[in-house]
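Summary of the model geometry
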Amino acid sequence: FYAALALQNLGFLNISLQKNETARENFLQAIDLMEDTDNLPGLASLYNDYLYYLLTIEDFVSFEAILPEYRSILNRMPNDYIDASAYVLLGNFYLKGKKAYTEAATNYLKALELLEEYETVPQLVEIYPNLIECYYQTKDQNKVKSYLEKYRSYLAKRYSEESAEKIAELRAVYELTQKESETKLLRIEIQQKNRIILFSISTLTLFLIISLITYYYRSAVQIREKAL
């Protein structure tokens, strides 16, 4: 058990040193040792950390491959806190790996149901911004505003005044991004209108040229006929 914990810590150390393959070996060795101890909470924690690591290096293929085994461990050991961590993990996978924002939001909300009663849980610092990102991507502005307020309230309780500055910064970034999106849409609309105008002018010009050529040709024919 302690050897597994040591390898787990080595995995985190090698992640910070950007030695990704060594970190992978550390986590897998730790999992092998922990499986021999039949310590399900320790095993669930190791799998959770390893899967987070895979998300960090964006190895989504390995993540999906090991996910069923992780779920089987969770099924053998129902625990609200561990289940909430799993929902956060799945939310991150759908958000970052799949860009499936609705599925990601569903998992984050399940995690919130299990964790919101514990106002000091650090996972909430991660859940709220990611959930806000999901609703921003799905253009659900009401949910974005609602969870921004909840996030601000949570940070104010947990981190006092410093958090208010952070959430104000987050709100400013969100509003700026929203304005940039609206500006881009306006530019696209203007470009489309300009294309329509140019097409109309080009069509009209072509029609006039064809009309002039036709008129000139008919006039020339009539002059020849009169001459004959």
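Use the structure listed above.
Source: prediction; values computed, not measured.

A look at the packing of aromatic side chains
- Taken as a whole and judged by the stated rule, the model has 12 aromatic pairs.
- Between Tyr-50 and Tyr-53 the ring centres are 5.9 Å apart and the planes differ by 20 degrees, which places this aromatic pair in the stacked class. A residue pair is termed a helical-turn pair when its members lie 3 or 4 positions apart in one helix, as Tyr-50 and Tyr-53 do in helix α3 (residues 40-56) at 3 residues. For the pair formed by Tyr-50 and Tyr-53, the shared burial category is buried.
- Ring plane angle 55 degrees and centroid distance 6.4 Å describe the contact between Phe-60 and Phe-93, whose orientation is recorded as tilted. Of this pair, Phe-60 sits in helix α4 (residues 60-76) while Phe-93 sits in helix α5 (residues 80-98), and the two are 33 residues apart along the sequence.

Remarks on helix α2 (residues 20-37)
- With 18 residues, α2 should reach 26 Å at 1.5 Å per residue; the first-to-last C-alpha distance of 26 Å fits that figure.
- Lining the buried residues of α2 we find α1 (2-16), α3 and α4.

Quick look at α5
- Under the 1.5 Å per step criterion, the end-to-end length of α5 is 25 Å for 19 residues, consistent within 8% with the ideal 27 Å.
- Residues of α5 that are buried: Ile-82, Ala-84, Ser-85, Ala-86, Val-88, Leu-89, Leu-90, Gly-91, Asn-92, Phe-93 and Leu-95.
- On its buried face, α5 sits against α3, α4, α6 (101-115) and α7 (123-137).
- Lys-99, located one to two residues past α5, shows a positive phi value of around 55 degrees.

A look at the nonpolar core
- Ranked by internal contacts, the top residues of the largest apolar core, which has 29 residues, are Leu-46, Tyr-47, Tyr-50, Leu-51, Leu-54, Phe-63 and Tyr-70.
- Counting residues per element, the ones that place at least two in this core are α1, α2, α3, α4 and α5.
- The element that contributes the greatest number of residues to this core is α3, accounting for 10 residues.
- With residues up to four places along the chain from it excluded, the contact list for Leu-54 reads Arg-24, Asp-59, Ser-62, Phe-63 and Ile-66.

Quick word on the pattern of salt bridges
- The tally for this structure, following the rule as stated, stands at 4 salt bridges.
- Across the pair Arg-24 and Glu-21 runs a salt bridge whose closest N-O atoms are separated by 3.6 Å. Residue Arg-24 and its partner Glu-21 are located together in helix α2, separated by 3 residues, close to a single helical turn.
- One salt bridge connects Asp-59 with Arg-24, and the closest N-O pair in it is separated by 3.0 Å. Pair noted here: Asp-59 is in the loop between α3 and α4 and Arg-24 is in helix α2, with a separation of 35 residues, a long-range link.

Structural notes on unusual backbone geometry
- Unusually for a residue other than glycine, Asp-38 sits at a positive phi of about 60 degrees.
- Tracing the chain through its elements places Asp-38 in the loop between α2 and α3.
- One non-glycine residue, Lys-139, adopts positive backbone phi at about 60 degrees.
- Mapped onto the secondary structure, Lys-139 falls in the loop between α7 and α8 (141-227).

Calculation rules
The residue numbering used here restarts from 1 in each chain and proceeds along that chain's sequence as written. Whole-chain, interface and lining totals are the exception, using all residues; otherwise, since this is a predicted model, local features are given only for residues with pLDDT of at least 70 and side-chain atom pairs are given and counted only at 80 or more. Hydrogen atoms and water are omitted, and side-chain values are computed over all heavy atoms in the structure. Only Phe, Tyr and Trp rings take part, Trp by its six-membered ring, and two of them pair if their centres are within 6.5 Å. Stacked means planes under 30 degrees apart, edge-to-face means over 60, and tilted covers everything else. We count a stretch as a helix when DSSP gives it H or I for four or more residues in a row; a strand needs E for two or more, and each element gets its number in order from the N terminus. Type-normalised accessible area, obtained with a 1.4 Å probe on protein chains alone, sets the label of each residue: buried when under 20%, exposed when over 50%, and partly exposed for intermediate values. Here a helix's expected span is defined as the number of its residues, less one, multiplied by 1.5 Å. Residue contacts follow a heavy-atom distance rule, with two residues in contact if any of their heavy atoms lie within 4.5 Å. The nonpolar core is taken to be a set of buried Ala, Val, Leu, Ile, Met, Phe, Trp, Tyr and Cys residues, with the residues joined through side-chain atoms within 4.5 Å. We define a salt bridge as a side-chain nitrogen of Lys or Arg found within 4 Å of a carboxyl oxygen belonging to Asp or Glu.

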